[in-house]
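# Coordinates in review
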Amino acid sequence: MAVPAAAEERARELRALVEHHNERYFVLDAPEISDAEFDALVRELVDLETRHPELATPDSPARRPGGAPASTFAPVRHLVPMFSLDNARTRDELEAWGTRLAKAIDGARYVTEPKLDGLAISLLYRDGRLTWAATRGDGVTGEDVTANVATIRSVPRKLAGRSVPEVIEVRGEIFMSAAGFEELNRHQADAGQRLFANPRNAAAGSLRQKDPSVTAGRPLDLFCYQTGEQDGGPRLRSHTELLAWLGDLGFPVNPLVESFDDLEAVYGFCESMEQRRHDLGYEIDGVVVKVDDLGQREELGFTSRAPRWAIAYKFPPEEMTTELRDIMVSIGRTGRATPFAVLEPVFVGGSTVGMATLHNEDEVARRDVRPGDRVVVRKAGDVIPEVVGPVPGTRPDGIEPWSFPSTCPVCGSPLVRLEGESNHYCVNVDCPAQRVQRIVHFAGRSALDIEGLGEERVRQFVEAGLLDDAGDVYSLTVEKLVPLERIGATSAANLVAAIEASKGQPLERVLVGLGIKHVGPTAAVSLARHFRDLDRLAAAPEDEVESVAGVGPTIAESINRFFDVDTNRGLVAKLRDAGVNLTAAAGPEVVAPDGVSLAGATFVLTGAMQRRTRDDAAAEIEARGGKVTGSVSKRTTYVVAGENPGSKLAKALDLGVEVIDEDHLEQLLAEGLPA
Ligand code: IVH
């Protein structure tokens, strides 16, 4: 059957693309596309060549493990070639591999290993001494990076144990831990050096240094998972035995390796690794599944690219490249202007991402991303999507650095960046965008928690003139909502019911909902417990507010300022008129043991307490007539220091105030003040 011209053309194109990206990755160390995109190209080529074997050329990159030897380091020929792995991306593909195995062998035990996202290394030992270390290169010939690898602490220089072979090639992965990567990038930033995009690039860059002393300063690590040539040593029957032996010889082996009798359990391991991947402290991009029995491996053998006895189960990619269409600015409830990236939508980290935050002006500059750039987008787990940086070497000519807009995109007022701050703010408190966000915050999860009143609805209601501030939420009725677009009678009724129900929320939630700067859920609970009434808080002198446990001078000042503003007092009045609960019931009665008194003593609680919560301790002290305040002064009787006490401890020592521990506090609570 003749090969369609389009297929022939596409195969040629794919071969050129794969060659190009191989060179960018292996030789220039500057990939232009993500691993997942590269894999997709290779896959398409392999598929085409499988469907039309006439298309396959002997030197097709689909037949080779990928990568070309780089020129900076001397070439070294591996004694046994380093193969790559076939991939499975779904449970079905994993099962299809199992089905292929079952045709050749009779039942299997599988070893599962986290697939480290670093770079493969081959370590050659002769008579137990490290002789050379080589990168994979094209699988046949790699680069001699011995001097650099010898600086890595976990690479044994000399093998341990009794069964040291005459010759052994040990294969493993060089990688950088997440913490090591972050610290390295902090250093790079401090030194005004280029940042690394991810731990893999950092590890690769660190290994390719001309000067080994630079590599020595980099936090590189190693796990071993395979061998090549071996002469001497014990006769091994399984991969499990091999890993145990490698451990005895002194090689680091990943402690998370497991083995299973069926693929169902293997898949369970893959799923659990995918869930845990962000807690491991280093990056993995999948799980490598290997047939354990070495005799069965022999029977299965290799294809031209990869062993048939192993497969890489790959997680969905967390990094992809896409086009940065624009950088825009959004306005938050405090007026803060946050730049964000508008992206050509891309599927990454399990969802389609079309926008990503860019934090502030300095962050945009640090990443040097410009509208029109091709950029790397990362979405790891639950973490919000991020633009890592431009793809090096792909910037179209003539695109300019982005500059922060000088006016608010919503109300046109000036955007100002305050001295010493990294954020810009819209100066207009009546800016409709701020208004919307304040109401959204009020109705949000941590505040009044009104289901069905999200950003889209709030914007619609503000535009329809139904809402000016959060207090107006309580004037919404089914009659007012039904005429609006996209809102039916049922959803209007549900929303009004949710609004009604929110009137009974506890005082601390209303306090959060008001959006007073610095007042989060924790401070709100302390304030509600202490004042029990919003009016009392509004009228309280600043030093009383400051004396509440867990509330410092910053929060106290912010509260004071908030209630100084007419519109804020107006908002509270609206809430009261609407029947929103603005009081707190008295907390559980704390009864002091008979005759125990702490009257006349003032306590400050600081640091993490183990025996009871700070609020609890405060309640017990107050029940015995003692006072609890938030800051240390000469009038303080005791500072109770828990774990990691902060500046309050220093101040107590400075002023000569008595510092006691939790045990001592318990004694006072039981016995009262010493005579
Ligand atoms: S075994 C012939 N085990 O994944 C067997 N590879 O996609 C070859 N990798 O080049 C490799 N963790 O750089 C193996 N536990 C592991 C691995 C692992 C990461 C890398 C390795 C390899 C690539 C193949």
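Up top is the structure these notes are about.
Structure report, in brief. A quick note: this is a predicted structure, and the numbers were derived from the prediction, not measured.

This part takes up the overall build of the protein chain. Summing up its helical and strand segments, the protein chain has 24 helices and 22 strands in all. Seen along its three principal axes, the alpha-carbon backbone of the protein chain occupies a region of about 85 × 70 × 50 Å. Carbon together with sulfur atoms contributes 50% to the accessible area of the protein chain, which is approximately 32,700 Å² in total. Across the protein chain, the centroid of the 75 positively charged side chains sits 2 Å from that of the 104 negatively charged ones.

With respect to the secondary-structure elements, Glu662 resides in helix α24 (residues 662–671). Distance in space between the C-alpha atoms of Glu662 and Ala489 is 58 Å, their sequence separation being 173 residues. Excluding residues within four positions of it along the chain, Glu662 makes contact with Ala608, Met609, Gln610, Arg611, Arg612, Val640, Ala641 and Gly642.

This part takes up the nonpolar core. The biggest cluster of nonpolar side chains holds 53 residues, and the ones touching the most others in it are Ile450 and Phe461. Put simply, the parts of the chain that give this core at least two residues each are α12 (432–443), α13 (455–463), α15 (489–502), α16 (507–513), α17 (521–531), α18 (534–539), α20 (553–564) and α21 (566–578). When residues no more than four places from it in sequence are discounted, the contact partners of Phe461 are Leu453, Leu466, Leu467, Leu476, Leu481, Leu484, Ile487 and Leu495. With 32 residues, the next largest nonpolar core counts Leu130, Val155, Phe196 and Leu242 among its residues.

Within strand β11 (residues 310–314), 5 of the 5 residues are buried, which leaves it mostly tucked inside the rest of the structure. By the alternation rule, side chains of β11 split into Ala310, Ala312 and Lys314 and Ile311 and Tyr313, which are all buried. In this structure, strand β2 (residues 87–88) lies alongside β11, joined through 2 bridges in parallel fashion. Note on β11: the bridge partner recorded for Asn87 is Ala312.

If you check the shell around the ligand, you find 13 residues, and the closest are Glu113, Lys115, Glu173, Tyr225 and Lys290. The contact in question runs from an oxygen atom of the ligand to an N or O atom on the side chain of Glu173, over 2.7 Å. Residue Tyr225 places a side-chain N or O atom 3.5 Å away from an oxygen atom belonging to the ligand. In isolation the ligand exposes 530 Å². Once the protein is present, 88% of that is buried. Contributions of two or more residues to the shell around the ligand are made by β3 (110–116) and β10 (284–291). It is β3 that provides the largest number of residues to the shell around the ligand, a total of 4 residues.

Right, let's talk about a nonpolar patch on the surface for a bit. Judged by side-chain polarity, Val416, Leu418 and Val427 come together as a nonpolar surface patch covering roughly 230 Å² of accessible area. Following the sequence through the fold, Leu418 ends up in the loop between β17 (415–417) and β18 (424–426). Assessed through its relative accessible area of 45%, Leu418 is described here as partly exposed.

Rules used throughout
Residues numbered from 1 in each chain as written. Predicted model: local features only at pLDDT ≥ 70, side-chain atom pairs only at ≥ 80, totals over all residues. Heavy atoms only, no water. Helix = DSSP H or I, 4+ residues; strand = E, 2+ residues; numbered from the N terminus. Areas by Shrake-Rupley, 256 points an atom, 1.4 Å probe, with all protein chains shown as cover. Lys, Arg positive; Asp, Glu negative; His and termini not counted. Charge placed at Lys NZ, Arg CZ, Asp CG, Glu CD. Contact = heavy atoms within 4.5 Å. Core = buried A, V, L, I, M, F, W, Y, C linked by side-chain atoms within 4.5 Å. Buried < 20%, exposed > 50% of the residue type's maximum accessible area, 1.4 Å probe, protein only. Pairing = 2+ DSSP bridges. Near = heavy atom within 4 Å. Polar contact = N/O pair within 3.5 Å; in protein donor to acceptor, adjacent residues only side chain to side chain. Patch = residues over 30% accessible without salt bridge, like charges linked within 9 Å, V, L, I, M, F, W, Y side chains within 5 Å. Salt bridge = Lys/Arg side-chain N within 4 Å of Asp/Glu carboxyl O.

Nothing here speaks to function; it is all geometry.
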